[in-house]
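Examination of the molecular architecture
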Amino acid sequence: MEGWCWMNLRRWGAGLLIGGYLLLLSWGIIGHALKIPAAGNTLGYFVVWDMFCGWQAFDNRTHFIAEDSAGNYYRLQEPWGAFQPFGHVDRVNYDVSNHLAPKHIRNVLTHTEHPQIDRVYVVQEVWPKQYNVPDRLWSSYFHEPKDQQSYFNLRAICAADGALIESNPDWYVAQGLKSIADNPRLREQSQGALPFYNTFFNPRAAADSNSSFSAVDDGLTN
Amino acid sequence: MSGKSHLRSLRESTERFFFAEESPYGLALVRMCLPTVALIPMIRRFFRVRELYSADGCPQQLAELFGNGRLLPELPGPVAAALYGLMLFALICGVFGFRTRLSFLVGGLLYIYFNMLDAIGTMTKYSVIASHVLLILAISNAGAVWSVDAVLRRRKCTDGTAAFPVRVPVWPARLIQILFAAIYFGAAITKVQTPEFFSGEQMRYWLVSNWNWPNPIGEMMALSPAFLMISSYITVVWEVTFPFLAWRPLGRYAALGIGAAFHIMTIFSLGLWIFPFICTTCYLAFLQEGDIAAIRILLRRLRLQFHWAGMPRILTASLLEQRPAMVPLAGIWVLAAIVAVVGSVEADYRLDVYGIRRHGAPMALPLMDATVARQMINSRSALREKDKYFSFDIGSMVMAGQLANRRSQFETGDVIIAQCNLNPPHEDLWVECVIQDEQDRVIDVAGQFVTRDQLFAKFSYLTADKLIPGRYWVVLKSSGQEVSRRPFELSGDAAVERPEDGMLAN
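Keep in mind that what you see is a predicted model, and the values were worked out from it rather than measured.

It is worth spelling out the overall build of chain A at this point. When helices and strands are counted, chain A shows 6 helices and 6 strands. Sequence-ordered secondary structure for chain A, helices as α and strands as β, is α-β-β-α-β-β-α-β-β-α-α-α. Relative to the 2.2 N^0.38 estimate, which gives 17 Å for 222 residues, the radius of gyration of chain A is 28 Å and therefore markedly larger than a compact globule would have. Taking the principal axes of its C-alpha atoms as reference, chain A extends roughly 85 × 80 × 45 Å. With 222 residues in all, chain A has 25% of them scored as buried. Residue pairs at least 24 apart in sequence account for 51% of intrachain contacts in chain A once pairs closer than 6 positions are excluded.

Take a look at the structure:
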């Protein structure tokens, strides 16, 4: 009898586990398909199967350039050798959202010898991906000489402790914005609609005056 | 058949699907192969534990990327090294099936912890798959056969039942199978949501990316748009149909066979090495008792001996049997784990990842040429016209709206199709296609607006009434600048008479 109960309990436990797991997998698929934000979090990463969801036509690398107070520049990279996790590219380059940059700066500067660093420039290097094609393939497919040019974009300026001082748009975003701003009509309309914060009208004062029926200046403060 | 009996039949078949009993040979193979593959990248990272996973380095937690803050504790270097050593030890024990469940529980949880600590250089979707499977192995009977535990149990058993293989419910194997059905279905949804996958652009750019290991075949495939378009449709059809075929008697051979071929192809096409082996080793969970018997018969016919493969577990079991009777097996596991932990801490100290002890002081930051540094910091160069284009080709066949072949020989009467592929992001462009003869005399000019959302532009050119046999160039111009040119030769009977030399042709 006791054995039968134990067997039954185990089966129920297994059933609950199977049910729960299936629900979790379904939540991932449905959340991903319908782009429900509930699936776009840390736990969601474990059940959403969005392999190769993005792509870019340009390849990029991130450079960290440190500047000391004497105006000397240093390549801010691990002198002990950068870790290359998935091929021949340094780890810091896989950080597409630049979350790692402050920590990387702090870590390298903490563990290296250097004069007092004033600024660290985070520079994005970009080039069209077709130039990654090996020379042999290039000559058989492309008829033009392989004339690769890199474009540099100052992504951010940080302090020596990694704190952000200035942040600029990513090269891809900047390129997209430029292409839209290329339109004179849109440029004119955007210039005519500059955002501003009204300091002449104080909503709290206006609300107070409404409630007490003692408005003198109708909320206008300046 | 009434609704009630339908329901009963559904319940019975569901119960049979999850709770039928089999010898867990497939699961045992997953137990041996998957952690072995998952260990390869983790062993590579053993030399960088302090840098990647400790408070003395620069870990980047997965939760931080999602804006959920630092969910996990970042431990001091020696503690992180100790736990990392414990993880490696536990997973190796899992491979050999020594205290299998305990090993996978400890190893699996630490594997997830370390992966979540480094979302940039460790965590990938293959680690997610491995995490699922390691946890499933921790609650399964994967150590019931072909393991140290099984050998010890068999030797301990004196009532004769040890001769029979252990039979357990198949649900853990089913969970791995269902996981893969979900993975492929989800991957198909991702592709359906990406139109550029079907037109080949997404794959083309992935294939010429150098973010993984070398991929020479992928680079060649990138230059064949027709192949990319056909393979994208095949991939999606296979991914969507996988859940419907994987449990059919014959369909599973097709689903798993194409799957294995697809994953192996990604080694050469995308330079992925761990991902394909994580997936294909999990396919072993689809093996049933009958498959194992068939494989055994085949190996016997081929006179292939695999008895040696069992030697490590038999030797380990024999060694463990020599322990004093009062020491439990779990005690041996803990003792060995302590040795691994101490060894890892010592290794971390001796590896001296930052080279401070080795050099007697912190290493110096390398100086940089000031001119180069200033150029990089202050560079504002505009994108060259030719860098807005990936390629320019001429051909005659169109597939899914895109040029599918490349030709440089045409017959009079053929339609020449010229296509330029653009690199986004680009602004709205005015693109011209110019036909020139051998003396660079302009014969025909056609132009069109290419808006910023377009990834390619096509020009069709009817040769019949406009050209006479001879050699020509098709020149691509963007914003008035020549970007690229392709030669072609037109043969056949002339539809119009060739003008005399010196006369303008158009």
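Time to look at the overall build of chain B. Each helix and strand in chain B was counted, giving 20 helices and 14 strands. Computed over the C-alpha atoms, the radius of gyration of chain B is 31 Å, more than 25% above the 23 Å expected from 2.2 N^0.38 for a compact globule of 506 residues. For chain B, the spread of C-alpha atoms along the three principal axes comes to 105 × 80 × 50 Å. In chain B, buried positions account for 42% of the 506 residues. Sequence-distant contacts in chain B: of pairs separated by 6 or more residues, those separated by 24 or more amount to 71%.

What follows deals with the sheet that holds strand β5 (residues 389-395) of chain B. All names here are of chain B. Strand order across the open sheet formed by 3 strands is β5-β9-β12, with antiparallel pairing between neighbours. Edge positions in the sheet fall to β5 and β12 (456-462), since each has one partner strand and no second. Here the average twist between neighbouring strands, direction ignored, is 10°. In this structure, strand β9 (residues 415-422) lies alongside β12, joined through 7 bridges in antiparallel fashion. Looking across to β12, one finds that N421 is bridged to F456.

All names here are of chain B. In this fold, A226 is placed in helix α13 (residues 225-245). It is 7.3 Å that separates the C-alpha atoms of A226 and N405, two residues lying 179 residues apart in sequence. Each residue touching A226, except ones within four places of it in the same chain, is listed here: M399, A404 and N405.

Residue and element names in this part refer to chain B. Most of β5 sits inside the fold, with 7 of its 7 residues counted as buried. Here β5 runs beside β9; their pairing, made up of 6 bridges, is antiparallel. Bridging from a neighbouring strand, G395 pairs with I417 of β9.

Moving on, we come to the domain arrangement of chain B. Residue and element names in this part refer to chain B. The domain architecture assigned to chain B consists of domain 1 (16-346) and domain 2 (385-491). Summarising the inter-unit geometry, the C-alpha centres of domain 1 and domain 2 are found 49 Å apart. Listed per partner, the contact involves 6 residues of domain 1 and 7 residues of domain 2. When its residues are assigned to classes, the side of domain 1 that touches domain 2 shows 3 nonpolar, 1 polar and 2 charged.

Moving on, we come to the interface of chain A and chain B. The parts lose accessible area when they come together, and the size of an interface is often stated as this lost area. Taken together, the contact pairs 76 residues of chain A with 79 residues of chain B. No other element matches helix α1 (residues 2-33) of chain A, which puts 10 residues into the side of chain A that touches chain B. Tallied by class, the residues present in the side of chain A that touches chain B amount to 42 nonpolar, 22 polar and 12 charged. Across 2 bridges, strand β3 (residues 112-113) of chain A lies against strand β3 (residues 363-364) of chain B in parallel orientation. From the neighbouring strand, E113 of chain A faces β3 of chain B, where its bridge partner is A364 of chain B.

Here we come to helix α18 (residues 329-351) of chain B. All names here are of chain B. Its 23 residues place the ends of α18 32 Å apart at the C-alpha level, agreeing with the 33 Å of an ideal helix rising 1.5 Å per residue. The complete set of buried residues in α18 reads A340, S344 and D348. Turning to α18, the residues buried within the fold contact α3 (49-53) and α5 (77-96).

Let us now look at the nonpolar core. With 166 residues, the main nonpolar core has V30, V133, I176, I278 and C282 of chain B as its most contacted residues. Those residues in contact with C282 of chain B that sit more than four places away from it in its chain are V30, L34, I129, V133, I176 and F180 of chain B.

As a further point, take the packing of helix α9 (residues 171-192) of chain B against α13 of chain B. Residues and elements named next belong to chain B. Contact geometry of α9 with α13 gives a least axis separation of 8 Å together with a crossing angle of 145°. Once α9 is placed against α13, the crossing between them reads as left-handed. Every residue of α13 that contacts α9 at A181, Y184, F185, A187, A188, K191 and V192 is listed here: V236, E239, V240, F242 and P243. A per-class count over the contact of α9 with α13 returns 10 nonpolar, no polar and 2 charged.

The rules we used
Residues numbered from 1 in each chain as written. Chains lettered and ligands numbered in written order. Predicted model: local features only at pLDDT ≥ 70, side-chain atom pairs only at ≥ 80, totals over all residues. Helix = DSSP H or I, 4+ residues; strand = E, 2+ residues; numbered from the N terminus. Rg over C-alpha atoms; globule rule 2.2 N^0.38 Å. Buried ≥ 20, exposed ≤ 12 C-beta atoms within 10 Å, placed from the backbone. Contact = placed C-beta atoms within 7 Å. Pairing = 2+ DSSP bridges. Axes fitted to C-alpha atoms, helices over the stretch in contact; angles between N-to-C directions. Domains from an automatic or database assignment. Nonpolar A, V, L, I, M, F, W, Y, C, P; charged D, E, K, R; others polar. Expected span 1.5 Å × (residues − 1). Core = buried A, V, L, I, M, F, W, Y, C linked by C-beta atoms within 7 Å. Left-handed = near helix turned anticlockwise from the far one by under 90°.

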